[in-house]
Amino acid sequence: MRVLYFAWLRERIGAAQEELETSAATLADLVTELRGRSDGHALAFADLKGLRAAIDQELVSFDAALGDAREVAFFPPMTGG
């Protein structure tokens, strides 16, 4: 699965994307796995209230099932204006 990081997540993690294999059933499970990858990951995922996520380019909540997802993206909330 490809995991994409945008904005300050990319800077904290030190990469715009990574490929990984996971046994996570939900997006929340994936976040738990990601937190353990590095200090940067732990910092980026410390507070989920400031994050949004998409599975295969569809906005989802953190309790969403991963299923056969090919891509997961994490980003800060979007603003209009």
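Residues numbered from 1 in each chain as written. Predicted model: local features only at pLDDT ≥ 70, side-chain atom pairs only at ≥ 80, totals over all residues. Heavy atoms only, no water.

A. Up close: the confidence of the model for the chain. Residues with a pLDDT of 70 or more make up 96% of the chain, whose mean pLDDT is 94. Element-level mean pLDDT values for the chain span from 96 in helix H1 (residues 8-13) up to 98 in strand E1 (residues 2-5). (pLDDT = per-residue confidence, 0-100. Helix = DSSP H or I, 4+ residues; strand = E, 2+ residues; numbered from the N terminus.)

B. Just the side chain of Glu18, in detail. Note that Glu18 resides in strand E2 (residues 17-19). For Glu18, a relative accessible area of 14% corresponds to the buried category. Looking at Glu18, its side chain comes within polar contact range of the side chain of Arg37, at 3.0 Å. Beyond its immediate sequence surroundings of up to four residues, Glu18 is in contact with Met1, Arg2, Val3, Tyr5, Leu34, Arg37 and His41. (Buried < 20%, exposed > 50% of the residue type's maximum accessible area, 1.4 Å probe, protein only. Polar contact = N/O pair within 3.5 Å; in protein donor to acceptor, adjacent residues only side chain to side chain. Contact = heavy atoms within 4.5 Å.)

C. Examining the packing of aromatic side chains more closely. For the coordinates displayed, the defined rule picks out three aromatic pairs. On the numbers, 6.3 Å between centres and 65° between planes, the contact of Tyr5 with Phe45 is edge-to-face. Residue Tyr5 is found in strand E1, and its partner Phe45 is found in the loop between helix H3 (39-44) and strand E3 (52-55); the two are separated by 40 residues along the sequence. One exposure class covers both Tyr5 and Phe45, and it is buried. Their ring planes at 75° and their centres at 4.9 Å tell us that Phe45 and Phe74 sit as a pair that is edge-to-face. Here the residue Phe45 occupies a position in the loop between H3 and E3, and Phe74 occupies one in strand E5 (residues 71-75), the gap between them amounting to 29 residues. The class for Phe45 is buried, based on a relative accessible area of 0%. Phe74 sits in the buried class, given a relative accessible area of 0%. (Phe/Tyr/Trp six-rings, centres within 6.5 Å; stacked < 30°, edge-to-face > 60°.)

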